[in-house]
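Examination of the molecular architecture
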Amino acid sequence: MALLEIEHIYTAYDRIDVLEDVSIKVEMGEITCILGANGAGKSTLIRSVLGLTPANRGKIIFNGVDIAHLPTHRIIEAGIACVPEGRRVFPRMTVDENLSAGAYLVTDKKVIEERREHVKYLFPRLAERSNQLAGTMSGGEQAMLAISRSLMSSPELLIFDEPSLGLSPLFVKENFKIIKEINQMGTTVLLVEQNVRQTLAIAHRGYVITKGQVVAEGSATALAENAEVQAAYFG
């Protein structure tokens, strides 16, 4: 069953289409990946889903409801969260304050605390730095915090935008391990990445975008064996 269905969307900047007739399905309980080089349209796709750059045409169906023209806060309320490219934590707020910001829609303090403890279980280092200002943390630690902040809303769909960007190989490996664990605990994941090898190693299925169009799709195994994908990304 598809949790998210993007149907024939066109999204433009200054009347120039960046996405042209893009259709993608994200199956419930799976990790679906979007692969593509810089400028392929991956970030625009995320912005369209989140309502930041609404599609001019087409549908974006989430849990059976067309969210294509809803404001962003309504889309977040519906059950979608995003770990943004470059992490973008609140640097002058502490770890715990960043986590609380991720649960701004939750009014039950007990629930907030339970979720805070859960993400600190996933990332023990955050438990050691509860009162540390986020801006003084390392890039890897900020990545942990950005993921944890997004989990605080308990989303049905969690979007990762280039989670390996700017991280050391060790933290990249750890991040992908955590993404897989988050999925195994029941959260559907849409993973947008350039790190093709590690992405296909944890994804169930995926799509390749080039110049705003889907040029290949299939299971992760099929994409890894696709001659064009191998030539473009594996050398």
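Our subject is the structure that appears above.
A brief report on the enclosed structure follows. Note that the coordinates shown come from a computational prediction; the quantities given were computed from them, not determined experimentally.

Moving on, we come to the nonpolar core. Formed by 44 residues in total, the largest nonpolar core has its most connected members in Leu145, Phe160, Ile182 and Leu191. Leaving out residues up to four positions away in the same chain, Phe160 has contacts with Val83, Ile147, Ile179, Ile182, Val189, Leu190, Leu191 and Val192.

What follows is about the sheet that holds strand E1 (residues 2-13). Across the sheet, four strands lie side by side as E2-E1-E4-E5; this open sheet has antiparallel pairing. Strands at the two margins of the open sheet, each flanked by one partner only, are strand E2 (16-27) and strand E5 (65-66). As judged from the five bridges shared by E1 and strand E4 (residues 57-62), these two strands associate in the antiparallel manner. Its bridge partner lying in E4, Tyr10 is registered against Arg57. Sheet strands touched by helix H1 (residues 42-49): E1, E2 and E4. Its angle to E1, the strand with the most contacts, is close to 115°.

What follows covers the pattern of salt bridges. Under the criterion given, the structure shown has nine salt bridges. One salt bridge in this structure joins Glu128 and Arg129, with 3.2 Å as the shortest N-O distance. Members of the salt-bridge network, linked through shared partners, are Asp96, Glu113, Arg116 and Lys120.

What follows deals with helix H3 (residues 95-102). The complete set of buried residues in H3 reads Val95, Asp96, Asn98, Leu99 and Gly102. Buried residues in H3, looked at end-on, bunch into an arc of 160°, giving them a common side.

Reading across the sheet, the six strands line up as E6-E7-E8-E3-E9-E10 and stay open at both edges, with mixed pairing between neighbours. Here the strands that pair on one side only, and so sit at the sheet edges, are strand E6 (80-83) and strand E10 (213-219). Here the average twist between neighbouring strands, direction ignored, is 15°. With four bridges connecting them, strand E3 (residues 31-35) and strand E9 (residues 205-210) associate as parallel partners. Across the sheet, residue Cys33 finds its bridge partner in E9, namely Gly206. In this fold H1 packs onto E3, E6, strand E7 (157-161), strand E8 (188-193) and E9, with an angle of close to 150° to the strand it touches most, E7. On top of the sheet, helix H6 (residues 139-151) reaches E6 and E7; it is set at about 175° to E6, its chief contact.

Along the chain, Ile179 turns up in helix H7 (residues 169-184). What makes Ile179 buried here is its relative accessible area of 0%. When the C-alpha positions of Ile179 and Lys211 are compared, they lie 27 Å apart, and in sequence the two are 32 residues distant. Setting aside chain neighbours within four positions, we find Ile179 in contact with Ile31, Phe160, Pro163, Val189, Leu191 and Ile202.

The rules behind these values
- Each residue is numbered by its place in its chain's sequence as written, counting from 1.
- With pLDDT at 70 or above as the cut-off, local features in this predicted model cover only qualifying residues; side-chain atom pairs require 80 or more to be listed or tallied, and sums for whole chains, interfaces and linings still use all residues.
- Just so you know, side-chain values use all the structure's heavy atoms and leave hydrogens and water out.
- By nonpolar core is meant a set of buried Ala, Val, Leu, Ile, Met, Phe, Trp, Tyr and Cys residues that side-chain atoms within 4.5 Å join together.
- To sort residues, take the accessible area from a 1.4 Å probe on protein chains only and compare it with the maximum for the residue type: under 20% means buried, over 50% means exposed, and anything in between is partly exposed.
- Contacts are assigned to residue pairs with any non-hydrogen atoms lying within 4.5 Å of each other.
- Criterion used throughout: strands pair if DSSP finds at least two bridges between them.
- Under the DSSP-based scheme used, a helix requires at least four consecutive residues in state H or I and a strand at least two consecutive residues in state E, with every element numbered from the N terminus.
- A fitted line through C-alpha atoms represents every axis, and for helices the fit uses only the stretch in contact; the resulting angles, taken between N-to-C directions, go from 0 to 180 degrees.
- What counts as a salt bridge is simple: a side-chain nitrogen of Lys or Arg found within 4 Å of a carboxyl oxygen of Asp or Glu.
- This arc corresponds to the set of directions leading from the helix axis out to the C-beta atoms.

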